[in-house]
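The lines below spell out each chain.
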Amino acid sequence: MKLYEPVTLAMPLAKEIGEFIRREGKLPSGDELREMLKGLGLEEGCLDRGLALYRSRFVIALAFPREETVVVDAISSSGELSDALEVIAYHDRKLGAFVVEILPTNDLEYEGNVGIEPIIVDEKTLELESNPALGHFEEDEEGLFLVIERETYERWKEEGDINTCPICGGELAWKGERAYCQDCGYGVRVVK
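Residues numbered from 1 in each chain as written. Predicted model: local features only at pLDDT ≥ 70, side-chain atom pairs only at ≥ 80, totals over all residues. Heavy atoms only, no water.

(A) Up close: helix α2 (residues 30-39). For α2, the set of buried residues is Leu33, Met36 and Leu37. The arc that holds every buried residue of α2, seen down its axis, measures 95°, which confines them to one face. The exposed residues of α2 that point more than 90 degrees off its buried face are Asp31 and Gly39. Summarising the contacts, the buried residues of α2 are in contact with α1 (6-24), β2 (51-55), β3 (59-65) and β4 (69-76). (Buried < 20%, exposed > 50% of the residue type's maximum accessible area, 1.4 Å probe, protein only. Helix = DSSP H or I, 4+ residues; strand = E, 2+ residues; numbered from the N terminus. Arc of directions from axis to C-beta. Contact = heavy atoms within 4.5 Å.)

So, in structure tokens, the structure goes:
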């Protein structure tokens, strides 16, 4: 998996947090979040009360795990904040659901449009109530692709518009099992 930009960390992390919630019926603890971030290829840089710093060559992550909320800020290692994203997971008692969202940390400076639908998991049944197109990123000779599973694609196709880029909200052009976005430059690839 390639972590070149904050979005390449935010999407697989949100997916992993959503899968954890569906398995365990709760938000991940600080230690569980720590293992997720390390599993995504980040090195642990600093641990302090209520804060952890992780890094890779191109991305820095600041994690703030709490009992009611998990917040991870993904920032470019260059320090550029215009593409920084925040992954937020919380238990919404009014909705009766767990919610995982990816938001720009600075709405005024964010260069793109976060087209990512939030993950909504029913607190009682632990069933997915939304249709986010989440996956991980891989690079090949044709570019950098968001790789999604067939099941995710089918759910997305049934409930959403598969011609809208899940990363930026731009328009996708499909060619077989791959799609290309003219706006953000990322591709989407479906795997079995």
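Moving on from the coordinates now.
(B) Spotlight on the pattern of salt bridges. Under the criterion given, the structure shown has 14 salt bridges. Note that aspartate 140 and arginine 189 form a salt bridge whose closest N and O atoms lie 3.0 Å from each other. One end of the pair, aspartate 140, is in strand β8 (residues 136-140); the other, arginine 189, is in strand β12 (residues 187-191), and 49 residues separate them in sequence. Among the salt bridges present, the one from glutamate 177 reaches arginine 150, with a minimum N-O distance of 2.3 Å. Taken together, the positions of glutamate 177 in the loop between β10 (172-175) and β11 (178-181) and arginine 150 in helix α3 (residues 150-159) put the pair 27 residues apart, joining distant regions of the chain. The class of glutamate 177 is partly exposed, set by a relative accessible area of 39%. (Salt bridge = Lys/Arg side-chain N within 4 Å of Asp/Glu carboxyl O.)

The quantities given are spatial measurements derived from coordinates; they are silent on function.
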